[in-house]
Each structure stands twice: as structure tokens, then as C-alpha cells.
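One letter stands for each residue in the lines below.
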Amino acid sequence: MTQLSPAQNPAADGTTAPGGPAAGKPASDSSPGKALYGGKSSRRVTVRDIAAAKERGEKWPMLTAYDAMTASVFDEAGIPVLLVGDSMGNCHLGYESTVPVTMDEITILSAAVVRGTQRALIVGDLPFGAFQESPVQALRNATRLVKEAGVQAVKLEGGERSAHQVELLVSSGIPVMAHVGLTPQSVNAYGGYPVQGRGEEAAQQLLRDAKAVQDAGAFAVVLEAVPAELAAEVTRSLHIPTVGIGAGLGCDAQVLVWTDMAGLTSGHVPRFVKKYANLREVLGTAAKDFAEEVVGGAFPAAEHSFR
């Protein structure tokens, strides 16, 4: 196993790490003292709550969401963080990848998710082409998501190559969740969706990427399609939480695309997906039952009609 450098510990006086949104403030000020998952609160979860969970060693779940109704279900279920991911391209908008997703699409759907929730921290994805040009471009588009959609944080892909973007956003008051390992917006460069971090050199690069976004001020980092042992060591080396997707049990949090998790996605799904329901079958059965009652004259019945 690749030997990684020791963890960078939080300040001994209980403050959050330098450069983060709550720098210099006691962690206890940022948390209601309750677990992130399932908590009931009159306010939204914040990045300070996320930092406090890392200090407590608490694991937490994250799901994607793309509309107000679904988001409200997850919010009521106690999911503390919802990502309006560019995965909407594949599972919501009918694209073959995340690459075609636009800022207009992300903004509209992010606003819907914000309107449908009360407690969850809402993170909006910056799509391909929305931040790569320069930190200024990233700030312009992230500001749009915060002002127009009302998200509380943004996510962007890339490690060292995106560190300057992360730094400017954070210094401008916009919390950033980073994303390293397999970055789906680079599907054309990868030639697919290969596992990342295999081998000494690749593992060290992944560690450098994770530390670069941490040092730039990111409050969390997604690790996608990374060998489990490597992801666990990266998690131990960081003072910000890691969010795994296909990265094993050692991460601080786990995220799935909700349509995969709920069994709505058709065809092949990645190995790391676990289906917790079969909504595709449930919805298909409901649609057929409705159609048969319409054709057979059973619907609408008297109780569904006005007099």
C-alpha cells in the first residue's frame, strides 16, 4: 500500500482549521450538538456543522436531488446534505454524460431543490465549462448559484488544477465542496470512467489533489471511484471530511445518485451502487394499473367525479 503523509490535525484549542468558513471559532458554536443525520432543527445545516461532525468522528449521508418534491422527501427523511449534481444530465435530462449540462439547467433545478427543503445544506454543482477558464469565471457562476438559486455551497471538480478557483470562491464567502478521483466531466479525456489512484504515482497525485483543495479552503472533498484502502488513508490525512462514492467504508460520508439508490435507473449501474428500492417497477406497475382502469372504464369511479 502506498505510504501517505500523516494527518494534518485540527488546532489543539478546538478551533476549526485555518482558512475554513469558521476559522478561529469554537466548533461548539457551529453545531447544535446533535447528529447530522435525522436531526430536527429550525435552521439549515451549515458547513460549520459538517466540520463539527468530522471532529466527532460522525459519518453522514448525502444524496443528489433535482426537484422540489423529491428533495422534500429526502429533507423530511433527515438527509443533511443534498447535492444538485450535474448527474442530472444522465438521470434527469436525458444526456449521455454530464458534459452538456448548462448553468441555466443547474440554476433552475437548484432553485427548485432549495424551495423544497428546510433543513438540508444544498450544494449546487458547477457544470463543465463553468469554472475551468479562470477563478473569475468560477466566481461569476458560483455567485449566480448562490444569488439566483439560493444554494449554500457549490461543488467543483479537480484537485491541484482547481485550487485557485476554490481559493477565490472561499475568500469571497462561497463554501466549496471539491471533487477528486474520478471526475465525470473529464469522461472524454479518460475515455470512460476508470478507477483512479491505482499505483504509487497515481495514489500520490490523488493525495496531492485532496490536500490542495483542503489548503485552498474547501469544506469537504468527494472521492469518487478510488480504491478503498487509499480513500481511507486520504481521509485520515485530511482535517476536512471526505465524501465517498465508490471509495469504500473509510470515508467520513457517503453519497449516491438518488435514482440509482432508489432503483429508478434502467440498465447498468456502477458497481458501487446499492439499490434500496425498485421504484422503476413500482412506477411501471402503477402506470399500467391506471391505464387498464381507464381502458376498462373503472376510472374515474363515482368517488372521483363531481356532481
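Use the structure listed above.
None of these values were measured; they are calculated from a predicted model.

Calculation notes
- Residues numbered from 1 in each chain as written.
- Predicted model: local features only at pLDDT ≥ 70, side-chain atom pairs only at ≥ 80, totals over all residues.
- Heavy atoms only, no water.
- Axes fitted to C-alpha atoms, helices over the stretch in contact; angles between N-to-C directions.
- Helix = DSSP H or I, 4+ residues; strand = E, 2+ residues; numbered from the N terminus.
- Parallel < 35°, antiparallel > 145°, perpendicular 65-115°, else oblique.
- Left-handed = near helix turned anticlockwise from the far one by under 90°.
- Contact = heavy atoms within 4.5 Å.
- Nonpolar A, V, L, I, M, F, W, Y, C, P; charged D, E, K, R; others polar.
- Buried < 20%, exposed > 50% of the residue type's maximum accessible area, 1.4 Å probe, protein only.
- Pairing = 2+ DSSP bridges.
- Right-handed = clockwise from strand over helix to strand, strands pointing away.
- Phe/Tyr/Trp six-rings, centres within 6.5 Å; stacked < 30°, edge-to-face > 60°.
- 1 Å grid on protein atoms, 1.4 Å probe; cavity = no way out; pocket = protein on both sides within 12 Å on 5 of 7 lines; lining within 4 Å.
- Points joined across faces, edges and corners; volume = space filled by probe spheres on them.

Asker: Give me the packing of helix H6 (residues 135-149) against helix H7 (residues 163-171): which residues, what numbers.
Answerer: A pair of packed helices is characterised by two quantities: the angle between their axes and the separation of those axes. At a minimum axis distance of 8 Å, the contact between H6 and H7 shows a crossing angle of 50 degrees. For the element pair H6 / H7, the angle class is oblique. The two elements H6 and H7 cross, and the hand of that crossing is right-handed. Touching Pro135, Val136, Ala138, Leu139 and Ala142 of H6 are His164, Gln165, Leu168 and Leu169, all from H7. Looking at the contact of H6 with H7, its residues break down into 7 nonpolar, 2 polar and no charged.

Asker: Describe the pairing of strand S4 (residues 153-157), and please don't skip the residues or the numbers.
Answerer: Among the 5 residues that make up S4, 5 are buried, leaving the element largely enclosed by the rest of the structure. Neither face of S4 is open: one carries Ala153, Lys155 and Glu157, the other Val154 and Leu156, and all of them are buried. Where strand S3 (residues 121-125) meets S4, 3 bridges bridge the pair, whose relative direction is parallel. Across the sheet, valine 123 pairs through a bridge with alanine 153, a residue of S4. Handedness of the S3-H6-S4 crossover: right-handed. For S4 and strand S5 (residues 176-181), the ladder comprises 4 bridges, and the chain directions are parallel. Its bridge partner being in S5, lysine 155 is matched across the sheet by methionine 177. Handedness of the crossover joining S4 and S5 through H7 is recorded here as right-handed.

Asker: Describe the packing of aromatic side chains, listing the residues and the values that go with them.
Answerer: Taken as a whole and judged by the stated rule, the model has 2 aromatic pairs. Ring centres 5.8 Å apart and planes at 65 degrees place the aromatic pair phenylalanine 74 and tryptophan 258 in the edge-to-face group. Placement of the pair is phenylalanine 74 in helix H3 (residues 68-76) and tryptophan 258 in helix H11 (residues 258-261), with a sequence separation of 184 residues. By relative accessible area, which is 9% here, phenylalanine 74 ends up buried. For the ring pair phenylalanine 290 and phenylalanine 299, a centre distance of 6.0 Å and an interplane angle of 70 degrees mean the geometry is edge-to-face.

Asker: I'd like to hear about the layout of surface pockets, residue by residue, with values.
Answerer: Put simply, the largest pocket is a space of about 990 Å³. Along the wall of the largest pocket there are 41 residues; nearest its centre are Glu224, Ile245, Asp260, Pro270 and Phe272. Put simply, the parts of the chain that give the lining of the largest pocket at least two residues each are strand S1 (60-64), helix H4 (88-91), S4, strand S6 (220-224) and H11. Looking at the lining of the largest pocket, its residues break down into 20 nonpolar, 12 polar and 9 charged. One number sums up the size of the second largest pocket: a volume of about 410 Å³. Forming the walls of the second largest pocket are 21 residues, and the residues nearest its centre are Gly244, Gln254, Val255, Leu256 and Tyr276. At the level of secondary structure, the elements contributing two or more residues to the lining of the second largest pocket comprise S1, strand S7 (242-245) and strand S8 (253-256). Of the residues assigned to the lining of the second largest pocket, the class counts are 14 nonpolar, 4 polar and 3 charged.

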